[in-house]
Each structure stands twice: as structure tokens, then as C-alpha cells.
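Examination of the molecular architecture
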Amino acid sequence: MDVRRRPGAAAADRPTKSRPAAAAAAAPAAAPGDLVLRPPNLRLVLAAMALFLAPFSYLAFVHYPLAADLRRSILICGAISLGGFFVVLRLIPVAARYLLRRGMFGKDINKKGLPMGEITVPESLGIVVGIVYLVIAILFQHFNFTADSIWLVEYNAALASVCFMILLGFIDDVLDIPWRVKLLLPTIAALPLLMAYAGGTSIIIPKPLASYVGVEVLELGWMYKLFMLLLAVFCTNSINIHAGLNGLEVGQTVVISAAV
């Protein structure tokens, strides 16, 4: 459940003083002893993991005759990801206490007037997940790419884009960037991936529309990269804009992940 207070979600609930002054004034409410974190429901996590991995494991290791190297790569990725999951579980309480000390917290405005609405909720905890994800993705290269792999350029460019977005997201939480500026942030983050992209720039026209267009394959050229850039801006903001509604942001992510 997303209980962070997003910028612009309720301006009336935000203090008008500067952040350092607000942090000092709210120091008693943000004391480390007031940190409220529900312990993870590992049974539910393991059940969901089994539900999603069972069909994938059957297809990857039983149904399809995959190469031994590919199966090894899948197992290594799964093992590293599982280790990263437990690292995140250990780091979140630590990071939450540091964020509370710095005054980077909010209250759930959707529970205003209730006891749970008075609980201080640390913000910017996504940086913990983002950093662990980056470390895992970097380690994954050691087991799956050779030094002369043609995929390394685009892979590292994608990592640079992820790193940019994590940094910009953290800056957003610290500085409360307005929405007109947020629209530009994914544009900056997508630049490394766009510059490293060396694939095709053509699209296949759907058969019902091919007769109207006149061709089955349409070459877009530079417009293809423009489309990729606009898609990156749309996808990131279409999820982030719902972050003020409890459960909707993470719910979208779960649905998209399941579909992928």
C-alpha cells in the first residue's frame, strides 16, 4: 500500500516553512522510535513466488528445449534476484530511520482523521530498491556477457538510464519538483539508451491497415527514436502520477509485471 504523500496531492497538508525548519519542528514526531513498519508476510511472498514461477519454470526447463547456457543464465538471475530481495528487506528499516532523522517523511492523507493517519511514513525508500536492482543488474553481466559481447553497449546504456531515473526520482522527493518539470526528467534519463540504440527503425503495419498505408513495413528513421523517447516519458509519468492513491501505483506495476 502506497502511503507516501506525493507532491501536489494535498498542498494544504504541507508545511509552508522550508524543509530544514519543518524537520526541526517535527523532530519529536519523526523520532526513530516512532518508526512503524509492518513485518513482511513471507508466507504470502513465497506463495506468490510459487504461483508465478511454476508456469515459467515448466516452460523454461521442461516444455521448451532451451540451451544449457540459457538455462544456467536463468538460474543465476533467479538466485541473484532472490538474494537481492532479502537484502532489500534488511536495508529498508535502516534507510527508513535515516530518512526520518532528516525529516523526509509524510502522513497518509487518505487516512486523515484516523489513528493511522498520524503515523509518520518515510519517503524516498524506492532508492533502496533501485540501488539493489542496479547492483544485481551489474553483477549479472559477469555471468552472462563476454568482454566482446555486442549487447554490452545497449545493456550498460539501459543501466545508465535506470541510474539517471533513480537519481531524478530522489531529487524529486527532496525538492518537490513541479509536474511541468517532471515531464522533462524521463527525457533526460532516456538519452543514454537512445544514443546507444543501433537496431532497426522500421515497424510492421498491421494487416488490416497495410492496404491503406500502401506498404507492409514502414521505415520511420529518426521518428522511431522520437517515438521511443515519448513512450518513455508517457510510461513513467502514467504510473508516477497515480502515486498519491493508495495501492494504485504498485497495483499497476504488479499487473504490468504479470503481463510481461
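Please read all numbers here as calculations on a predicted model, not as lab measurements. (Residues numbered from 1 in each chain as written. Predicted model: local features only at pLDDT ≥ 70, side-chain atom pairs only at ≥ 80, totals over all residues. Heavy atoms only, no water.)

**Observations regarding helix α2 (residues 42–63)**
- Look at α2: 30 Å from first C-alpha to last across 22 residues, which is about the 32 Å you get at 1.5 Å a residue.
- At Leu 53, α2 is deflected by roughly 35°, the largest bend along its length, and proline Pro 55 occurs up to four residues later in sequence. (Helix = DSSP H or I, 4+ residues; strand = E, 2+ residues; numbered from the N terminus. Expected span 1.5 Å × (residues − 1). Bend = angle between axes of the 7 residues up to and from the residue.)

**Some words on the UniProt feature "transmembrane region" (unreviewed entry) in the protein chain**
- The residues that UniProt annotates with the feature "transmembrane region" (unreviewed entry) are residues 44–67, 73–100, 121–143, 149–171, 183–206 and 226–245.
- Between the end C-alpha atoms of residues 44–67 the distance is 33 Å, and the span holds 83% helix and 0% strand.
- In this annotation, residues 149–171 is assigned 87% helix and 0% strand; the end-to-end C-alpha distance for the span is 34 Å. (UniProt positions renumbered as here; feature names shortened; annotations may be inferred.)

**Description of helix α4 (residues 126–144)**
- Look at α4: 27 Å from first C-alpha to last across 19 residues, which is about the 27 Å you get at 1.5 Å a residue.
- Those residues of α4 that fall on the buried side of the exposure criterion are Val 128, Gly 130, Val 132, Leu 134, Ile 136, Ala 137, Phe 140 and Gln 141.
- The elements touched by buried residues of α4 are α3 (68–101) and α5 (152–175). (Buried < 20%, exposed > 50% of the residue type's maximum accessible area, 1.4 Å probe, protein only. Contact = heavy atoms within 4.5 Å.)

**Points about the environment of Gly 169**
- Examined against the element boundaries, Gly 169 turns out to sit in helix α5.
- Judged by its relative accessible area of 29%, Gly 169 falls in the partly exposed class.
- For Gly 169 and Ser 124, which are 45 residues apart along the polypeptide, the C-alpha to C-alpha distance reads 8.1 Å.

**Looking at the packing of aromatic side chains**
- Counting across every chain of the model gives 2 aromatic pairs.
- Their ring planes at 75° and their centres at 5.2 Å tell us that Phe 85 and Phe 86 sit as a pair that is edge-to-face.
- On the basis of relative accessibility, which here comes to 26%, the residue Phe 85 falls in the partly exposed class.
- Taking the relative accessible area as the measure of exposure, Phe 86 reaches 40% and is therefore partly exposed.
- Where Tyr 197 meets Tyr 224, the ring centres are 5.9 Å apart and the plane angle is 20°; that geometry is what we call stacked. Of this pair, Tyr 197 sits in the loop between α7 (185–196) and β3 (202–204) while Tyr 224 sits in helix α9 (residues 222–240), placing them 27 residues apart in sequence.
- Residue class for Tyr 224 comes out buried when judged on its relative accessible area of 18%.
- Stacked on the ring of Tyr 98, the Lys or Arg Arg 101 has its end atom at 5.2 Å from the ring centre. (Phe/Tyr/Trp six-rings, centres within 6.5 Å; stacked < 30°, edge-to-face > 60°. Lys NZ or Arg CZ within 6 Å of the ring centre and 35° of its normal.)

**Some points on the packing of α5 against α7**
- Running from amino to carboxyl end, α5 crosses α7 at an angle of 170°, the nearest separation of the two axes being 8 Å. Here α5 is positioned roughly antiparallel relative to α7, judged by the angle of their axes. Facing Val 153, Glu 154, Ala 157, Ala 158, Ala 160, Ser 161, Phe 164, Met 165 and Leu 168 of α5, the residues of α7 in contact are Leu 185, Pro 186, Ile 188, Ala 189, Ala 190, Pro 192, Leu 193 and Ala 196.
- Taken together, the residues of the contact of α5 with α7 sort by class into 15 nonpolar, 1 polar and 1 charged. (Axes fitted to C-alpha atoms, helices over the stretch in contact; angles between N-to-C directions. Parallel < 35°, antiparallel > 145°, perpendicular 65-115°, else oblique. Nonpolar A, V, L, I, M, F, W, Y, C, P; charged D, E, K, R; others polar.)

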